[in-house]
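# Residue-level structure breakdown
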Amino acid sequence: MCIDYRELNQVTMKNKDMLPRIEDLFDQLQGVQQEKKPILEDMIMRYVQKTDMVIQNNSSSIRNLEAQIGQLSNMLTERTAWTLLSNIVTNLKEHVKAITLKSGQTYDQP
């Protein structure tokens, strides 16, 4: 079996684009790496700026919490000892002398 490549060879363009030299490829690669350095520096600067903003927000939140804790502390020191923060209501049924159980029986002894 014999394959005739003459028609394919007529259509094929010979040596139109030569292969690039390895030195040229290295030069292009170094140029790309040098271009990426400022981009990396910009990314680092943006990261630092965002981190600074987060730190400022956290410090303001901490200041607000400190103010609230100070207010709670003042409220606790102003109240009288052994009392609750709510108003105390006296027992209106202080003089009751009998207890009624669920079963309906009354217990008269204290």
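Everything discussed here concerns the structure shown above.
Right, let's walk through the structure included here. (Residues numbered from 1 in each chain as written. Predicted model: local features only at pLDDT ≥ 70, side-chain atom pairs only at ≥ 80, totals over all residues. Heavy atoms only, no water.)

Further remarks concern the overall build of the chain. If you tally the helices and strands in the chain, you get 2 helices and 2 strands. Start at the N end of the chain and walk to the C end: the helices and strands fall as α-α-β-β. Looking at the chain as a whole, 0% of its 110 residues are labelled buried. (Helix = DSSP H or I, 4+ residues; strand = E, 2+ residues; numbered from the N terminus. Buried < 20%, exposed > 50% of the residue type's maximum accessible area, 1.4 Å probe, protein only.)

Moving on, we get to a nonpolar patch on the surface. A cluster of nonpolar side chains, contributed by I39, L40, M43, I44, Y47 and V48, occupies part of the molecular surface with about 610 Å² of accessible area. Look at M43 and you get partly exposed, because its relative accessible area is 46%. (Patch = residues over 30% accessible without salt bridge, like charges linked within 9 Å, V, L, I, M, F, W, Y side chains within 5 Å. Areas by Shrake-Rupley, 256 points an atom, 1.4 Å probe, with all protein chains shown as cover. Salt bridge = Lys/Arg side-chain N within 4 Å of Asp/Glu carboxyl O.)

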